[in-house]
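Structural description and commentary
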Amino acid sequence: METKTGRADRAVDGYLMADFPWYGLDEAFTGRRWLTAVGTSADGTVEHGSIGHGDEPSIKAETTDPDAQRFAVVVTVARRPGRRSADGTGVLEATSVSSAAWLAGSGLLSCTWPTHMERALRQDWLDQQIATAWDLADDLAGPHWSTLTLPVDGEPTAFHYRESEYGWVLAGSARGAHLGAYGRGMSAYGLGLAVVKDVTTYDG
């Protein structure tokens, strides 16, 4: 049987392999913190990951009350220039604030779909909503976004911010990385972000 410690160890391994800093909520948040799986490129390079705070969202919508969930997830994306793929056959686009915005938007949707929706329709709904999230992330100067200033390591930092019926999403940049975040039940206003000092203390 796989133990919780085993799962945590494997999640942490990916975070320890990254060549960029990880961000989470600052020390003002005193609740539970947890890790998701990291995202990697074809050659195994760690490109992004998400650190959760509060309740861990469940995709088992039938057994949970999404309106009762309180969480904020911080997405860290490595700053990467445009570059050739590992096998030399293509070119990888540079990462940007839009990359963080899309990861945050799709992350929110993946855990907050409407509970009244039939299971057979959920994937179609999710595909459509994620496509919309990509369009929104590609238009950060558009009317769907406002500006929210939050402290990052104590420095006031401007983020693109939007709200929907499913929760909120924000995206910006900090030292060494692009940042996204999403949440529900916890207000984005008043949050502070900071570099994670010891990621091994987080749950997997």
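Before going further, it helps to examine the pattern of salt bridges. Counted according to the given criterion, the structure contains four salt bridges. For D19, the salt bridge identified is with R80, shortest N-O distance 3.1 Å. In this pair, D19 sits in the loop between helix 1 (4-16) and strand 1 (23-25) while R80 sits in the loop between strand 5 (71-78) and strand 6 (83-84), placing the two residues 61 residues apart along the sequence. The exposure class assigned to D19 is exposed, which follows from its relative accessible area of 57%. Residue classification places R80 among the buried residues on the basis of a relative accessible area of 15%. Each of D19, E47 and R80 takes part in a single network of salt bridges with overlapping partners.

So, on to unusual backbone geometry. One non-glycine residue, D153, lies in positive phi territory at about 50°. Tracing the sequence through the fold places D153 in the loop between strand 8 (146-152) and strand 9 (155-164).

Moving on, we come to the environment of G154. Within the secondary structure layout, G154 lies in the loop between strand 8 and strand 9. As a C-alpha pair, G154 and G192 span 38 residues in sequence and 7.8 Å in three-dimensional space.

Before going further, it helps to examine the pairing of strand 9. Two elements, strand 8 and strand 9, share seven bridges in a ladder whose sense is antiparallel. Residue pairing across strands places L150 opposite T157, the latter belonging to strand 9. Between strand 8 and the antiparallel strand that follows it, strand 9, lie two residues; D153 among them carries a positive phi value of about 50°. As consecutive antiparallel partners, strand 9 and strand 10 (residues 167-174) are separated by two residues.

Before going further, it helps to examine the pairing of strand 10. Burial within strand 10 is extensive, with seven of its eight residues counted as buried. Here strand 9 runs beside strand 10; their pairing, made up of five bridges, is antiparallel. Paired with E163 across the two strands is W168, which belongs to strand 10. When strand 10 meets strand 11 (residues 177-184), the two strands line up antiparallel, connected through seven bridges. Bridged to G172 within strand 11 is L179. Counting the residues that bridge the hairpin from strand 10 to strand 11 gives two residues, and of these G176 lies at a positive phi of roughly 85°.

Analysis parameters
- Residues numbered from 1 in each chain as written.
- Predicted model: local features only at pLDDT ≥ 70, side-chain atom pairs only at ≥ 80, totals over all residues.
- Heavy atoms only, no water.
- Salt bridge = Lys/Arg side-chain N within 4 Å of Asp/Glu carboxyl O.
- Helix = DSSP H or I, 4+ residues; strand = E, 2+ residues; numbered from the N terminus.
- Buried < 20%, exposed > 50% of the residue type's maximum accessible area, 1.4 Å probe, protein only.
- Pairing = 2+ DSSP bridges.

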